[in-house]
Amino acid sequence: RFTSSGTFSVSSGGSLEYLIVGGGGAGGSIYSSIGNGGGGAGGVVTGTLTVTAGNFAMSIGGGGAGVTNSAGDNGANSTGFSLTADGGGGGGQYR
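What this report covers is the structure whose coordinates are included nearby.

1. Some words on the overall build of the protein chain
- Helix and strand counts for the protein chain come out as 0 helices and 6 strands.
- Across the protein chain, helices and strands are ordered from the amino to the carboxyl terminus as β-β-β-β-β-β.
- Against the globule reference of 12 Å for 95 residues, the protein chain gives a C-alpha radius of gyration of 17 Å, more extended than a compact globule.
- The principal-axis extent of the C-alpha atoms belonging to the protein chain is close to 55 × 20 × 15 Å.

2. Considering the packing of aromatic side chains
- Applying the stated criterion across every chain, the model contains 3 aromatic pairs.
- Consider the rings of phenylalanine 8 and phenylalanine 81, whose centres lie 5.9 Å apart with planes at 80 degrees: the pair is edge-to-face. Taken together, the residues phenylalanine 8 in strand β1 (residues 6–10) and phenylalanine 81 in the loop between β5 (78–80) and β6 (83–85) connect sequence positions 73 residues apart.
- According to the relative accessible area criterion, phenylalanine 8 is partly exposed, its value standing at 26%.
- Taken together, a centroid distance of 5.2 Å and an interplanar angle of 50 degrees make the contact between phenylalanine 56 and phenylalanine 81 tilted. A residue pair is termed long-range when its members are at least 10 positions apart, and phenylalanine 56 in strand β4 (residues 54–59) and phenylalanine 81 in the loop between β5 and β6 qualify at 25 residues.
- Given the relative accessible area of 15%, phenylalanine 81 is considered buried.
- The rings of Phe2, Phe8, Phe56 and Phe81 are connected pair by pair, giving a single aromatic cluster.

3. Some thoughts on the environment of threonine 50
- For threonine 50, the position within the fold is in strand β3 (residues 44–51).
- For the pair formed by threonine 50 and glycine 28, sequence separation is 22 residues and the distance between their alpha carbons is 41 Å.
- In contact with threonine 50, other than residues within four places in its own chain, are Gly14 and Ser15.

Conventions adopted
Residues numbered from 1 in each chain as written. Predicted model: local features only at pLDDT ≥ 70, side-chain atom pairs only at ≥ 80, totals over all residues. Heavy atoms only, no water. Helix = DSSP H or I, 4+ residues; strand = E, 2+ residues; numbered from the N terminus. Rg over C-alpha atoms; globule rule 2.2 N^0.38 Å. Phe/Tyr/Trp six-rings, centres within 6.5 Å; stacked < 30°, edge-to-face > 60°. Buried < 20%, exposed > 50% of the residue type's maximum accessible area, 1.4 Å probe, protein only. Contact = heavy atoms within 4.5 Å.

Pasting the structure below:
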């Protein structure tokens, strides 16, 4: 389980189940009495693959930053095993 980027070390090869989740998008913001769009969920990539012994870089995408009086920022992508889960889109702003 990774909650921040790092290296996944495999001591002997075999079958591996994976779940990779991109960072969620931030909601939009303007005035407190007016609704704005919520941020989108990060994408999900799941499956099984065969790995050999070695080290694998894992990059964990952060959630989008909330911005005052603006549309929300997008979430960042998460990557591992040459796979990418896209970050979620930022929420819209009422205009």
